[in-house]
Amino acid sequence: MAAPSPQSLVLSFEEARRVVEEHASRLVARGEEIVDLLDAAGRVLAEPVTADRDIPPFPRATRDGYAVRAGDLTGLPARLKVLGEIRAGASHAGRIVDRGEAFSIMTGAPVPKGADAVVMVEYTSQNGGTVEISRGVAQGENIVPQGAEARCGSPLLEPGTRLNETGVALAASVGKASMQVYLRPRVAVLTTGDEIVAVDTEPGPVQIRNSNSYSLAVQVQRSGGDPAILPIAPDEPARLRELVEQGLRFDLLIMTGGVSMGRYDLVEQVLSELKAQFFFTGAKIQPGRPVVFGRVECLGDSGRQHTYFFGLPGNPVSTMVTFELFARPVIEALAGMKTRPLNFLHARLKAEIRVKPGLRRFLPAILSGAYEDSQVELVPWQGSGDIAAQARANCYVVVPEERGEIAAGEWVAVMLK
Ligand code: AMP
Ligand code: MG
């Protein structure tokens, strides 16, 4: 017997996002593993990375020039005795710079004791064992003191940090050839619809190739998850339920299609039969209004109490937008990241926008213009099924609920793709 459909629970965009963030903030990764440094890029750190020594480990010259005592340069030009040259990687053998003395020094080399500043080579001329200096320096100029960037033992990267090239470089700088990261969450991607056929099948005249499973798989990967594309589910409750149950054995199930109000939109019905708890069954957004978020008691062996699911609308642009707005934070949390707020950039609108107020809109757009002169304009589109228009866009213009008109030249919020 079919379970009744869940009560309609349509939230504002910000309420829906808050609900997702609240649940996400309580999720944890399913385990840890050790990976080589290079394989750690894109992964989420499961251990703290600390400085294994002072950084820099010695007072570091930041310019080519002369290591001097700033007090020697009060009368200009000053003539100092050159004791020798210190290159990066070379030591000064404990020689202390005394009054009236200097060392020629290269960028990255250790500043010798006694010296308290480096004068740039541009203000000097050396003649034999003497350098003439035409400009004074302040104490400490062009030197990074030992430990100024980090003290030995101090934290550099916290667990929960997603490693990019900077994180990997920082880890390398403290000698971590391998590191502990969280396991990627396994995310099932389930597409539904009688009209949907596999990419390698010749579609009939009214059939549509499955593209959503692919956009979702890419988005899952980019969010730190490991996608598994399940077989396409027909609009038939028994087979759909079988596949939904299969998907609920993963760390997260993302479905696409079958969540609108049509007679064959069976996803919510099947989930109700599985005693799902729904947090929302719609959000006041465009595209993507019928988005569904909920959870069921865990069926798999993950050790979790619940498995969360999303039912995303099937129109390709809606699928992509609702993933970014709602599914991404859950995957990031399951990947071990801390929940972070969604933030937007701002750009000037190139051409006016007119819409019906009442929905928060995320409209495909092109951000252009060079340097500080960013401008944004909507991509002409045929609505949320228009994947070709979406491909021309590089961002979304975010239109607030209360705005029906935004004039050219106004600053608007932009969400990057
Ligand atoms: P639905 O949300 O099931 O009502 O589907 C809305 C629209 O999205 C319909 O035009 C579907 O054909 C299309 N659609 C649904 N799933 C996919 C998919 N996996 N790939 C491409 N288009 C889809
Ligand atoms: Mg459908």
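This text gives an overview of the structure that appears in the document.

Parameters at a glance
- Residues numbered from 1 in each chain as written.
- Chains lettered and ligands numbered in written order.
- Predicted model: local features only at pLDDT ≥ 70, side-chain atom pairs only at ≥ 80, totals over all residues.
- Heavy atoms only, no water.
- Patch = residues over 30% accessible without salt bridge, like charges linked within 9 Å, V, L, I, M, F, W, Y side chains within 5 Å.
- Areas by Shrake-Rupley, 256 points an atom, 1.4 Å probe, with all protein chains shown as cover.
- Salt bridge = Lys/Arg side-chain N within 4 Å of Asp/Glu carboxyl O.
- Helix = DSSP H or I, 4+ residues; strand = E, 2+ residues; numbered from the N terminus.
- Buried < 20%, exposed > 50% of the residue type's maximum accessible area, 1.4 Å probe, protein only.
- Phe/Tyr/Trp six-rings, centres within 6.5 Å; stacked < 30°, edge-to-face > 60°.
- Axes fitted to C-alpha atoms, helices over the stretch in contact; angles between N-to-C directions.
- Parallel < 35°, antiparallel > 145°, perpendicular 65-115°, else oblique.
- Contact = heavy atoms within 4.5 Å.
- Nonpolar A, V, L, I, M, F, W, Y, C, P; charged D, E, K, R; others polar.

Some details on a nonpolar patch on the surface
Then, number 1: On the surface, a nonpolar cluster with roughly 260 Å² of combined accessible area is contributed by Val 199, Tyr 214 and Ile 229.
Then, number 2: One can find Ile 229 in strand 17 (residues 226-229).
Then, number 3: Residue Ile 229 is classed as partly exposed on the basis of its relative accessible area of 39%.

Details of the packing of aromatic side chains
Then, number 1: By the definition in use, this model includes nine aromatic pairs.
Then, number 2: A centroid spacing of 5.8 Å and a plane angle of 75 degrees characterise the contact between Phe 278 and Phe 309, whose relative ring orientation is edge-to-face. Of the two residues, Phe 278 is situated in strand 19 (residues 277-280) and Phe 309 in strand 23 (residues 306-312); the sequence distance between them amounts to 31 residues. Taken individually, Phe 278 and Phe 309 each receive the classification buried, so the pair is uniform in this respect.
Then, number 3: Put simply, the rings of Phe 13, Phe 279, Phe 280, Phe 293, Tyr 308, Phe 310, Phe 326 and Phe 362 pair up and form one aromatic cluster.

Focus: the packing of helix 1 (residues 13-24) against helix 6 (residues 316-334)
Then, number 1: Running from N to C, helix 1 and helix 6 cross one another at 10 degrees; their axes reach a closest spacing of 9 Å. When the axis of helix 1 is compared with that of helix 6, the two are roughly parallel. Note on element contacts: helix 6 touches helix 1 through Glu 324, Leu 325, Phe 326, Pro 329, Val 330 and Ala 333, opposite Phe 13, Ala 16, Arg 17, Val 20 and Ala 24.
Then, number 2: Grouping the constituent residues of the contact of helix 1 with helix 6 by class yields nine nonpolar, no polar and two charged.

Read these as geometric descriptors, not functional statements.
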